[in-house]
Amino acid sequence: MDHPHHSYPVKHVDRTRADAYLARIGAERPAAPTAGALRALHLAHLRAVPFENLSVHLGEDITLDSDALVAKLVDRRRGGFCYELNGAFAALLGALGFDVTLLQARVVGEGGRLGIPYDHLALRVRDGEGGDWLADVGFGTHTHLPLAYEERGEQSEPGGVFRIEEAADGDLLVLRDGEPQYLLDQRPRALADFTAGAWYHRTSPASHFSRSLVCSLLTEDGRITLSGHTLTTTVGAERTRTELPTDAAVLDAYDQHFGITLDRLPAEPDIAEG
C-alpha cells in the first residue's frame, strides 16, 4: 500500500521551535531523517516527556493544535496523553524531514472489547531512506523504539515482544507480548479529527482518563509513575511503592521526578468501580 501522505500534511514547527523541542528531550538535531535518528528521538522523547493526564484533573483545556501541543511540552515542560504527545512529536519529526501520517486506533480493553473510534493517535513515519515505521510515544508502557511498519513477524525490543498483524478491513492489530494493544486504521487523519476522542477521554465518566490520575516516565532502568499520592518505581523486575504523606510531598515528587511544576494538585478522581 503506497504511503498516502499528501492528503493531510502535518503542520511542522519552525527551526527555532524544533531546536527548543530537541533541547527539551535532550536530543541532538539529526543530520538527516534516518531510521537511526528516528529511534534515538523516539527513545529520548519517552525518557524526557511523561505520559500524564493531569490536565484532565486540573480542569485545563486541551487544544489539538500543533503549536499549542508543542508549547505545553516545551515551554511548560509538561507531558500529555496520546493526542498531545504523538501530535507534538509529529510536528517535530516533520520539521526534521520525516514524512509523518497521523493514524487513529481503537484500544483493546477487557475481554477484547474495542474502545471508541479515535481512542488513540499513533504515527506512521517514513524516513529519508524509504523505511516505514510505526512510532508511538503516547501509549504509556509500550514500545521504546519505533516498530517496522511492514514487518509481520515478532519484533523484540526493550519494551517487550511486539507484533503487527493484518486484521479485517485493512486494519492492523498491534500486540505486545502476545496481548492485543490496539487496532490501527491505516487511513491518514488530520489532528482535528481526534477532537471528539480527546473530548470523550477528558469528560466521559466511562473514560479511563477521567477515572485515573497518572504521570509516568520511562527511565534508563525501568519506569517511574506517580498516581495520586502513590509513587511507584520499577527497576528491572523490582517494583517499589511509596505512599507520599502530604500534598507538599506530592508536588515535590512531580517536580523532582518529572520536572513538572504545579501550583496545586490535580483533583483525585473518585473511583467507583462499576
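Structure's up top.
About the cut-offs
Residues numbered from 1 in each chain as written. Predicted model: local features only at pLDDT ≥ 70, side-chain atom pairs only at ≥ 80, totals over all residues. Heavy atoms only, no water. Axes fitted to C-alpha atoms, helices over the stretch in contact; angles between N-to-C directions. Helix = DSSP H or I, 4+ residues; strand = E, 2+ residues; numbered from the N terminus. Parallel < 35°, antiparallel > 145°, perpendicular 65-115°, else oblique. Left-handed = near helix turned anticlockwise from the far one by under 90°. Contact = heavy atoms within 4.5 Å. Nonpolar A, V, L, I, M, F, W, Y, C, P; charged D, E, K, R; others polar. Pairing = 2+ DSSP bridges. Core = buried A, V, L, I, M, F, W, Y, C linked by side-chain atoms within 4.5 Å. Buried < 20%, exposed > 50% of the residue type's maximum accessible area, 1.4 Å probe, protein only. Phe/Tyr/Trp six-rings, centres within 6.5 Å; stacked < 30°, edge-to-face > 60°. Lys NZ or Arg CZ within 6 Å of the ring centre and 35° of its normal.

Undergrad: Before we move on, can you summarise the packing of helix α1 (residues 15-25) against helix α5 (residues 82-95) with the specific residues and values?
TA: The relative placement of two packed helices is expressed as an angle between their axes plus a distance between the axes. Running from N to C, α1 and α5 cross one another at 120 degrees; their axes reach a closest spacing of 10 Å. Considered as vectors, α1 and α5 are oriented oblique to each other. Crossing hand, α1 versus α5: left-handed. Residues A18, Y21, L22 and I25 of α1 lie in contact with α5, whose contacting residues are L85, A88, F89, L92 and A95. When the residues that make up the contact of α1 with α5 are grouped by side-chain class, the tally is nine nonpolar, no polar and no charged.

Undergrad: Can you lay out the sheet that holds strand β7 (residues 160-166) for me, pointing to particular residues and giving the numbers?
TA: One open sheet holds the eight strands; their spatial order is β5-β4-β3-β2-β9-β8-β7-β6, and the pairing between them is antiparallel. Both edges of this open sheet fall to β5 (147-148) and β6 (155-157), since each of them pairs with a single strand only. Examined bridge by bridge, strand β8 (residues 172-176) and strand β9 (residues 179-184) share five bridges and lie antiparallel to one another. By the bridge assignment for β9, L175 is matched with P180. Set on the sheet, α5 makes contact with β2 (99-107), β3 (120-126) and β4 (132-135); between it and β3 the angle comes to about 20 degrees.

Undergrad: I'd like a description of the pairing of β9, backed by residues and values.
TA: Remember that side chains alternate between the two faces of the sheet whenever the strand is regular. Where β2 meets β9, three bridges bridge the pair, whose relative direction is antiparallel. Note that in β9 the partner of R106 across the bridge is L183.

Undergrad: So what about the nonpolar core? Which residues, and what values?
TA: Among the nonpolar cores identified, the biggest contains 50 residues, and Y21, I25, L41, L93, F98 and L123 are the most heavily contacted of them. Elements supplying a minimum of two residues to this core: α1, α2 (35-48), α4 (66-74), α5, β2, β3 and β4. If you tally residues by element for this core, the top one is α5, at nine residues. Residues within four places of Y21 in sequence aside, it is in contact with H45, V70, L73, V74, L85, A88, F89 and L92.

Undergrad: How would you explain the pairing of β2 if you had to name every residue and give the values?
TA: The buried fraction of β2 is high, at seven of nine residues. Here seven bridges tie β2 to β3, and the two strands are oriented antiparallel to one another. Following the sheet pairing, L103 is matched in β3 by A122.

Undergrad: Break down the sheet that holds strand β10 (residues 215-219) for me, with residues and values.
TA: Spatial ordering of the open sheet is given by β1-β10-β11-β12-β13, a layout of five strands whose pairing is antiparallel. Edge positions in the sheet fall to β1 (51-52) and β13 (238-243), since each has one partner strand and no second. Pairing geometry for strand β12 (residues 230-235) and β13, over six bridges, is antiparallel. Each bridged residue has a counterpart across the sheet, and for V235 the counterpart in β13 is E238. Along the sheet face, helix α8 (residues 247-258) touches β10, β11 (222-227) and β12 and points at about 155 degrees away from the line of β11.

Undergrad: Any chance you could break down the packing of aromatic side chains for me, citing the residues and the numbers?
TA: Evaluation of the coordinates by the stated rule reveals seven aromatic pairs. Consider the rings of F51 and F209, whose centres lie 6.1 Å apart with planes at 50 degrees: the pair is tilted. Placement of the pair is F51 in strand β1 and F209 in helix α7 (residues 208-211), with a sequence separation of 158 residues. Judged by its relative accessible area of 11%, F209 falls in the buried class. Residues F139 and Y182 carry aromatic rings whose centres are separated by 5.0 Å and whose planes lie at 80 degrees to one another, so their mutual orientation is edge-to-face. Taken as a pair, F139 in the loop between β4 and β5 and Y182 in strand β9 lie far apart in primary sequence, 43 residues in all. Here the two residues F139 and Y182 agree in accessibility, since each one is buried. Among the aromatic side chains, those forming a connected cluster through ring pairs are F51, F81, Y83, Y118, F194 and F209. Between the NZ or CZ atom of R124 and the centre of the ring of Y149, over which it lies, the distance is 4.1 Å.

Undergrad: Mind laying out the packing of α4 against α5, listing which residues take part and the relevant values?
TA: At a closest axis distance of 9 Å, the pairing of α4 and α5 adopts a crossing angle of 105 degrees. Taken together, α4 and α5 sit at an angle that is classed as roughly perpendicular. In this structure, α4 uses S66, L69, V70, K72 and L73 to contact α5, whose residues at the interface are Y83, E84, L85, G87, A88 and A91. Across the contact of α4 with α5, the residue classes break down as seven nonpolar, two polar and two charged.

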